[in-house]
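One letter stands for each residue in the lines below.
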Amino acid sequence: MRARQWVQHFPVMLVIALSVSACGGRAVPTSAPAGTGEEEAPVVLRVGLPGFPDSQNPGNAWLTEATDLVELVYSSLVKMDFAGNYYPDLAQSWSVSDDGLAWTFVLEPEAVWSDGTPVTAEDVAFTLLAYKEWADFGYMSGYTKHMADVQATDEHTVAITLDTPVPNFESQVMYTYILPKHIWEPFAGDLDAAVAFENAEMVGSGPFRLKEFQQGEHYRLSANPDYYNGRPAIDEVIFQAYANEDALVQALRAGELDMITEIPPTVVGSLRGDPDITVGTGTSRGLRDYIFNLSSPEICPVDDGGVCSGHPALRDQVVRQAMAHAVDKQQIVDVAELGLATPGLGLVPAALGKFYASDLQDYAFDIPLANKMLDEAGYLDSDGDGIRECPAGMDCGGRQLDIVMQIPSDITSGPREAELLSTWWGDIGIRMTPQILEPDTVTANCCPTFDFDMLMWGWTSDPDPTFIMSILNSEEIPTGMSETAYTNPEYDRLFAAQAVEMDEPTRLSMVHEMQRLMLEDLPYIIPYYQAEVQAFRNDRFTGWPLPAEGSNQILYLQDPLSLRVVEPVN
């Protein structure tokens, strides 16, 4: 599970560094010199964020910053390393029956919750059944869809029975974070109460424990001394929110931060010239998307708040395809991302390897062809003002092909991308006006409200494609997961079938066919797949697991795999 990629904007964060550090801008409290008799100061790592978690409750953790926090505090049965291999986490071993229906997980016997209560199989059984019963508990409930039953067969053994074999079960339990039954049991069967629970203490069993949480400012984690896989080398990690990526870079240069999670492409070169800073690059499962609002009065989820105000012409596949022909993705990569990305194709990113349909042909950048398509479809500029009108018989409410693209203010490349798009689409008689809005506003307008023409946004995919492909499943239109209101019965059929197809070649053919449908129907234009670019001060901490050059491994320095092993230079 990885969340939508926008982050909340915080107007003033400069005070944070002062509020969390007695060093007045010096980042890392260091140990006292040997022999001084002074008590050693804790080793504190400071990480800068361009946003902040939207919730401490896993059921409300929609943003990447929030899921990162959950990942550090809670355990799951298995996890995946940066090379794509599953490894034991809370479960020290697991097995599956020959028919694929019965999975048995043996838990770490030494695992304890942060309040000192032992972690048992009852906790795991409670959590998984609760996710399933709640049905809409953040991203988690979807992973339990095929769990027919979960039982604690002894104190440290969990038996999961599926209603059908699934081909990716480890990936399903990888993001189902285990909750303490003694904390969450009062909310069993009550989704509203479970979602409303603040979860301020965040009692977990992961490598770090929540020590302090100042909403919108910073949160502090301490190393879990009882962590079953070994205590992290650092004592604490503080995640601080900054107003934007430029402020993050300044704080890193000044030594107020030790690592930053995002970097504007424009400063990568200069950071690489700083001998005290290392810029790490690696593969990412992240992507940028341009979202079409395809909602119509017939499918508008009015009961769930649907407004469905999108431009009617964008529901015409010919218009969307013509717009795709008028996008030079390589130029967007070169200009907006300064080469730190690769041209995109569909929602399944190339980083997913065999699941990526590499044989599909993208829309060629061809302005004359785009104009020809619109001419033939009846979108003409009859009054000569440079903007096409809707064809006769299409009710566009008096609107020309004059659309608005809403862009969250924290997408730093958004204005540069919008300028390029506006030029190209203007060349085909479509006026596009970018509208920079606070992320919360974009969220409110998005889904299931569908109060927009187009959005610029992004996703980061799971290593298995089921989750990212689920957002085009028509069942998700009223839930808020669908951003486009896309409907295609054949896509829905293939989505359900691939989720339980055990023959890998057959499943891959289904996944590839779904990508072909996505590319043909075009509910999204995917301009590029992002590279992960992060930076840290090499004069403060060492041991960061950087991908080997050419390895295609994931870079994610705020992951538990990284934060458990980094240590101070001295």
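Everything discussed here concerns the structure shown above.
These figures come from a predicted structure and were not determined experimentally.

Caption draft 1: Up close: the side chain of Q56. Topologically, Q56 is positioned in the loop between β1 (44-49) and α2 (64-73). Using a relative accessible area of 9% as the deciding quantity, one classes Q56 as buried. One polar contact links the side chain of Q56 to the main-chain carbonyl oxygen of A200, over a distance of 3.1 Å. Ignoring sequence-local partners within four residues, the contact set of Q56 consists of E198, N199, A200, M202, L210 and F213.

Caption draft 2: Main features of the sheet that holds strand β18 (residues 524-530). Read from one edge to the other, the open sheet built from six strands follows the order β14-β18-β13-β17-β15-β16, with strand pairing classed as mixed. Looking at the sheet topology across the chains shown, the edges are occupied by β14 (341-343) and β16 (431-437). Between one strand axis and the next, the sheet turns by 30° as a mean value, whatever way the strands run. Strand direction decides the pairing type here: strand β13 (residues 286-292) and β18, joined by four bridges, are antiparallel. When the bridges of β18 are listed, Y290 appears paired with I525.

Caption draft 3: Spotlight on the nonpolar core. In this structure, I160, L221, M323 and W425 are the most contacted members of the largest nonpolar core, which totals 156 residues. It is helix α3 (residues 121-134) that provides the largest number of residues to this core, a total of eight residues. Once residues within four sequence positions are removed from consideration, L221 is found in contact with L69, L72, V73, F208, R209, L210, K211, D235, E236, V237 and F239. Of all hydrophobic cores here, the second largest spans 17 residues; its members include Y242, I263, V279 and L340.

Caption draft 4: Highlighting the pattern of salt bridges. According to the stated counting rule, one finds 23 salt bridges in the structure shown. With its nearest N and O atoms 3.9 Å apart, the salt bridge here joins E185 to K181. Owing to a relative accessible area of 23%, K181 belongs among the partly exposed residues under this scheme. R537 is paired through a salt bridge with D276; the nearest N and O atoms lie 3.8 Å apart. With R537 in strand β19 (residues 532-537) and D276 in the loop between α8 (268-272) and β12 (277-282), this residue pair connects regions lying 261 residues apart in the sequence. Judged by its relative accessible area of 7%, R537 falls in the buried class. For D276, a relative accessible area of 31% gives the class partly exposed. Where salt bridges share partners, they join K211, E212, R220 and E236 into one cluster.

Caption draft 5: Structural detail: the state of the cysteines. The full count for this structure, using the stated rule, is three disulfides. Two residues share a disulfide in this structure: C300 and C308, whose sulfurs sit 2.1 Å from each other. A torsion of 95° about the S-S bond marks the disulfide between C300 and C308 as right-handed. Overall, the relative accessible area of 14% leaves C300 in the buried class. On the basis of relative accessibility, which here comes to 15%, the residue C308 falls in the buried class. Across the disulfide, C390 is cross-linked to C396 (sulfur-sulfur distance 2.0 Å). The S-S bond linking C390 to C396 shows a torsion near -100°; that makes this disulfide left-handed.

Caption draft 6: Structural detail: the packing of helix α9 (residues 317-325) against helix α11 (residues 367-376). Viewed as axis vectors pointing N to C, α9 and α11 meet at an angle of 165°, and their least axial separation amounts to 8 Å. Overall, the two elements α9 and α11 adopt an arrangement that is roughly antiparallel. Here α9 runs over α11; the crossing is left-handed. On the side of α9, the interface is formed by V318, V319, Q321, A322 and H325, while α11 contributes I367, L369, A370, M373 and L374. Considered class by class, the residues forming the contact of α9 with α11 number eight nonpolar, two polar and no charged.

Procedures and definitions
Residue numbers run consecutively from 1 along every chain, following the written order of its sequence. At least 70 in pLDDT is required for a residue's local features to be given in this predicted model, at least 80 for side-chain atom pairs to be given and counted, and no such filter applies to totals for whole chains, interfaces and linings, which use all residues. No hydrogens and no water enter the side-chain calculation; it runs on all heavy atoms of the structure. Helix numbers and strand numbers start at the N terminus; a helix is a DSSP run of H or I with at least 4 residues, a strand a run of E with at least 2. Only protein chains enter the area calculation, which uses a 1.4 Å probe; residues under 20% of their type maximum are buried, those over 50% are exposed, and those in between are partly exposed. Think of a polar contact as two N or O atoms within 3.5 Å of one another; within protein, one of them needs to be a possible hydrogen donor and the other a possible acceptor, and neighboring residues in sequence only count if both atoms come from side chains. In what follows, a contact means two residues having at least one pair of non-hydrogen atoms within 4.5 Å. What makes two strands pair is DSSP finding at least two bridges between them. Think of each axis as a best-fit line through the C-alpha atoms, taken over the contacting stretch in the case of a helix, with angles from 0 to 180 degrees between the N-to-C directions. In this text, buried Ala, Val, Leu, Ile, Met, Phe, Trp, Tyr and Cys residues form a nonpolar core when linked through side-chain atoms within 4.5 Å. Any Lys or Arg side-chain nitrogen located within 4 Å of an Asp or Glu carboxyl oxygen qualifies as a salt bridge. Here, two cysteine sulfur atoms that lie within 2.5 Å of each other are counted as a disulfide. Put simply, angles under 35 degrees are roughly parallel, angles over 145 are roughly antiparallel, angles from 65 to 115 are roughly perpendicular, and the rest are oblique. We call a crossing left-handed when the near helix sits turned anticlockwise from the far one by less than a right angle, and right-handed when that turn is clockwise. Residues are sorted three ways: Asp, Glu, Lys and Arg are charged, Ala, Val, Leu, Ile, Met, Phe, Trp, Tyr, Cys and Pro are nonpolar, and all the rest, Gly among them, are polar.

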